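Observations on the three-dimensional arrangement
The primary structure of each chain is shown beneath.
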Amino acid sequence: MPYVIAGLVLVGAVALLNLVLLMVILRRWQELEAVRRRRDFAAEGPQPGDGLPDFTATALSGRTVTQDGFRSGELLLGVFSHDCPSCTDSLPDFAERADLVRAAGGRVLALVIGDEAGGSGLTAQLAGTADEVVPGPEASPLFRALRVPAFPTVLSYRDGVVAAPSAAGREPVPAVS
């Protein structure tokens, strides 16, 4: 009888170890898949050297913004979706980068995509962070011209040319135009 109990304990321990190893492998696989998706998304969107597309839009402030107002100096452009949890999570990082850009004499522009973007909490939070916020349908032509593949996407422009794209290091949410 003691051999049976020892055998069952051994089989149970091996099964538990197998389960733990399987969970570790699956977790690592998910992490690697997320990295691959971010890399794929980044390759689809704006690349360093791409120019700022021509656009005209009405900002939340009521002012008309065009590409001409952002062709010189540094520009931080954030593209968000009003219903994207990753976008909300990325706001502190975006605000920190916005402060650095402004301190260097640059400007900050935020696009918030979605039908309810104008009245969303995300838009309200960005209004305190960005110099100009372009919500909803007004942002759509620029959004399509930028070829943004995921939310949130943050682009750094220097003199109207992409210096560095970023998917903010978070799990990307595919953008549908």
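So, here's what we can say about the structure. (Residues numbered from 1 in each chain as written. Predicted model: local features only at pLDDT ≥ 70, side-chain atom pairs only at ≥ 80, totals over all residues. Heavy atoms only, no water.)

Describing the overall build of the protein
Selection rule: Helix and strand definitions here come from DSSP, where helices need a minimum of 4 consecutive H or I residues and strands a minimum of 2 consecutive E residues; each element is numbered from the N-terminal end. Working definition: with a 1.4 Å probe on protein chains only, accessible area under 20% of the residue-type maximum means buried, over 50% means exposed, and in between means partly exposed. Pairs of residues are marked as contacts when any of their non-hydrogen atoms sit within 4.5 Å. Residue exposure ignores everything except the shown protein chains as possible cover, and the areas themselves are Shrake-Rupley values with a 1.4 Å probe.
If you tally the helices and strands in the protein, you get five helices and nine strands. Listing each helix as α and each strand as β along the protein from the N terminus yields α-β-β-β-α-α-β-α-β-α-β-β-β-β. Counting all 177 residues of the protein, 37% fall into the buried class. Long-range contacts, defined here as pairs at least 24 residues apart, represent 69% of the contacts in the protein between residues at least 6 apart. Accessible surface computed for the protein: about 9,800 Å², of which carbon and sulfur atoms make up 60%.

A look at the environment of Ala-127
Position of Ala-127 relative to the elements: it lies in helix α4 (residues 121-127). Remark: the alpha-carbon pair of Ala-127 and Leu-109, spanning 18 residues in sequence, is separated by 9.7 Å. Contacts of Ala-127, omitting those with residues within four sequence positions, involve Leu-60 and Val-133.

Comments concerning the pairing of strand β3 (residues 74-81)
The cut-off we apply is this: Whether two strands pair comes down to DSSP finding at least two bridges between them.
Extensive coverage of β3 is indicated by the burial of seven of its eight residues. Sheet topology places β3 next to strand β7 (residues 153-158); six bridges connect them, and they run antiparallel. From the neighbouring strand, Leu-75 faces β7, where its bridge partner is Tyr-157. Sheet topology note: the β3/strand β4 (residues 107-113) ladder contains seven bridges and is parallel. Across the sheet, the residue bridging to Leu-77 is Leu-109, located in β4.

A short note on unusual backbone geometry
If you check the backbone angles, Asp-159 has positive phi at about 55° while not being a glycine. Here Asp-159 lies in the loop between β7 and β8 (161-166).

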